[in-house]
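Residue strings, one per chain:
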Amino acid sequence: MANWVCAAIAGRNLFPVQHPFSLFTRFVKTFAAPPSNSTLARCAGITSMMRLPVRGTAQELDACFVGIPLDIGTSNRPGTRFGPRQIRNESVLIRHYNSYTRAAPFESLAVADIGDVAVNLYNLKDNIRIIREFYHNILSSGCRPLTMGGDHTITYPILQAIAKKYGPVGLVHVDAHDDTSDSVAGEKVYHGSPFRRCVDEKLLDCKRVLQIGLRGSLANSHNYDWSIKQGFRIVQAEHCWYKSLAPLMEEVATQMGPGPVYISFDIDALDPAFAPGTGTPEIGGLTTPQALEIIRGCRGMNIIGCDLVEVSPPYDTTGNTALVGANLLFEMLCVLPGVKYGNLPLNK
Ligand SMILES: [Mn+2]
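Please read these numbers as outputs of a predicted model, since none were measured by experiment.

This part covers the overall build of the protein chain. When its secondary structure is counted, the protein chain shows 10 helices and 10 strands. Scaling as 2.2 N^0.38, a compact globule of 348 residues should have a C-alpha radius of gyration of about 20 Å, and the protein chain matches this with 19 Å. Along the first, second and third principal axes, the C-alpha set of the protein chain runs to 65 × 50 × 40 Å. Residue pairs in contact within the protein chain that sit at least 24 positions apart in sequence constitute 76% of those at least 6 positions apart.

Given below as structure tokens:
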């Protein structure tokens, strides 16, 4: 897409700009908001995340959306290779401001969609290197990535890159499953093992890890013992039923402290009633209001990256699962450090 088209869609400054004395394109930090539907109909325009400008680099961005269209790490239903596309498609509905928290992310941060990682669909392990190197690049400029998955395998190489820059990080892991298996069929890399690999490589600050939403049937009765032994805080879905999670998130904020924190949100943490389009659904899950409470409860933490994984469009032809995912990514953007907030609601 021509740069002037990006700028026209954004309705703001041109970028990247051509330096008058240079043959090279020079990227400059500029703010860009999604287009209003007064100037561009929601069904029009290039389908980037929220129809934000598309850029080929994370340079000079505070945050970027990036897709990883991968599903060859799945254990049951495939289809998450189509996740980023459908999340982008459903994201065109999302507007500029957070209606409840009053977050104004596009007035606070330079944000764009930098496209997808060039995955290898024929060699899962090769993607570990491909994704890690891609994220080294993103992080080298100080940009905070918001990733659209993709199956949960992708969080392992993302955290390799994150930990190289920040050291071991805190983790808010929202999921129906703990994803800490050691191996399956003799393979160490798949979507059930990312956090085991992260602990193996000391990528996590284990006292600052929350796993929330866990449930469903297990392969053995002591399945969660390994996580607890590492020092993780485990909150099973049953302990979330019928209540607000805002008080819990205040405790989690204390647990996380001022250090860097990564958010990894598996859409299967939600009940299949809210998000059926996923590979390993489990009944009795979280509600969408609880998902909002968890993410909004991360405000004030030093969030250095986020992902939303496991959206599998073939299993939800309504698009609702991707719509939920797109909105949760917007909510994550709204709690990044540096986001300004307007006046809070007057009436509770
Ligand atoms: Mn998962």
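What follows picks up the thread again.
This part takes up the pairing of strand β7 (residues 204-214). Buried residues dominate β7, accounting for nine of its 11 residues. The sheet contact formed by strand β6 (residues 169-174) and β7 spans five bridges and is parallel. Residue pairing across strands places Leu171 opposite Val209, the latter belonging to β7. Between β6 and its parallel partner β7, the chain crosses via helix α6 (residues 194-200), and the hand of that crossover is right-handed. In this sheet, strand β8 (residues 233-236) lies alongside β7 in parallel orientation, the contact comprising four bridges. From the neighbouring strand, Gln211 faces β8, where its bridge partner is Ile234. Handedness of the β-α-β unit built from β7, helix α7 (residues 225-230) and β8 comes out right-handed.

Whenever strands of a sheet pair, they do so through backbone hydrogen bonds, lying parallel or antiparallel. Spatially, β4-β3-β5-β10-β9-β6-β7-β8 is the arrangement adopted by the eight strands of the open sheet, whose pairing is parallel. Edge positions in the sheet fall to β4 (111-116) and β8, since each of these pairs with one other strand and no more. Adjacent strand axes in the sheet meet at a mean angle of 15° when their direction is disregarded. Bridge analysis of strand β9 (residues 260-266) against strand β10 (residues 302-309) gives seven bridges, and the strand direction is parallel. In the sheet register, Pro260 faces β10, and the bridge partner there is Asn302. Strands in contact with helix α5 (residues 155-166) are β5 (144-149), β6, β9 and β10; relative to β10, the strand with the most contacts, it is inclined by about 170°.

This paragraph deals with the confidence of the model for the protein chain. With 91% of its residues at a pLDDT of 70 or more, the protein chain shows a mean pLDDT of 92. For the protein chain, per-element mean pLDDT is lowest for helix α1 (residues 3-10), which scores 40, and highest for β9, which scores 99. Counted against residues more than four places away or in other chains, residues 1-24, with its pLDDT under 50, gives 40 contacts.

Below, the discussion takes up the packing of helix α9 (residues 288-296) against helix α10 (residues 320-334). The N-to-C vectors of α9 and α10 enclose an angle of 20°; their axes lie 9 Å apart at closest approach. Taken together, the axes of α9 and α10 are roughly parallel relative to one another. Seen from above, α9 lies across α10 with right-handed handedness. Listed contacts from α10 to Thr288, Ala291, Leu292, Ile295 and Arg296 of α9 are Val324, Leu328, Glu331 and Met332.

Bringing the UniProt feature "binding site: Mn(2+)" (unreviewed entry) in the protein chain into the picture now. UniProt's feature table lists "binding site: Mn(2+)" (unreviewed entry) at His152, Asp175, His177, Asp179, Asp266 and Asp268, given in the numbering used throughout. With the annotated positions falling across 117 residues, the maximum pairwise C-alpha distance of 12.0 Å places them together in a single cluster. Within the element layout of this structure, Asp175 appears in the loop between β6 and α6. For Asp175, a count of 26 C-beta atoms within 10 Å gives the class buried. With residues up to four places along the chain from it excluded, the contact list for Asp175 reads Gln211, Gly213, Leu214, Asp266, Asp268 and Ala269. Note on placement: His177 falls in the loop between β6 and α6. Aside from chain neighbours lying at most four places away, what touches His177 is Gly192, Leu214 and Thr280.

We now examine unusual backbone geometry. For the bond from Gly149 to Gly150, the omega torsion is 10°, close enough to zero to count as cis. Here Met50, not a glycine, exhibits a phi torsion of approximately 55°, which is positive. Position of Met50 among the secondary structure elements: in the loop between β2 (25-26) and β3 (63-68). The backbone of Tyr242 sits at a positive phi, close to 65°, despite the residue not being glycine.

What follows covers the packing of helix α2 (residues 83-90) against α10. For the pair α2 and α10, interaxial distance at closest approach is 8 Å and the crossing angle is 75°. Here α10 runs roughly perpendicular to α2, going by the angle between their axes. Seen from α2, the contacting residues are Gln86, Ile87, Asn89 and Glu90; seen from α10, they are Ala322, Leu323, Gly325 and Ala326. Taken together, the residues that form the contact of α2 with α10 break down as four nonpolar, three polar and one charged.

A few words now on the environment of Ala185. Here Ala185 lies in the loop between β6 and α6. What makes Ala185 exposed here is the crowd of 6 C-beta atoms within 10 Å. Taking the C-alpha atoms as reference points, Ala185 and Tyr341, separated by 156 residues in sequence, lie 49 Å from one another.

What follows covers the pairing of β5. By the criterion of burial, β5 is predominantly enclosed, with six of the six residues buried. Here β5 shows a buried face lined by Arg144, Leu146 and Met148 and a second buried face lined by Pro145, Thr147 and Gly149. Note that β3 and β5 share six bridges and pair parallel. When the bridges of β5 are listed, Ala63 appears paired with Arg144.

About the criteria used
- Residues numbered from 1 in each chain as written.
- Predicted model: local features only at pLDDT ≥ 70, side-chain atom pairs only at ≥ 80, totals over all residues.
- Helix = DSSP H or I, 4+ residues; strand = E, 2+ residues; numbered from the N terminus.
- Rg over C-alpha atoms; globule rule 2.2 N^0.38 Å.
- Contact = placed C-beta atoms within 7 Å.
- Buried ≥ 20, exposed ≤ 12 C-beta atoms within 10 Å, placed from the backbone.
- Pairing = 2+ DSSP bridges.
- Right-handed = clockwise from strand over helix to strand, strands pointing away.
- Axes fitted to C-alpha atoms, helices over the stretch in contact; angles between N-to-C directions.
- pLDDT = per-residue confidence, 0-100.
- Parallel < 35°, antiparallel > 145°, perpendicular 65-115°, else oblique.
- Left-handed = near helix turned anticlockwise from the far one by under 90°.
- UniProt positions renumbered as here; feature names shortened; annotations may be inferred.
- Nonpolar A, V, L, I, M, F, W, Y, C, P; charged D, E, K, R; others polar.

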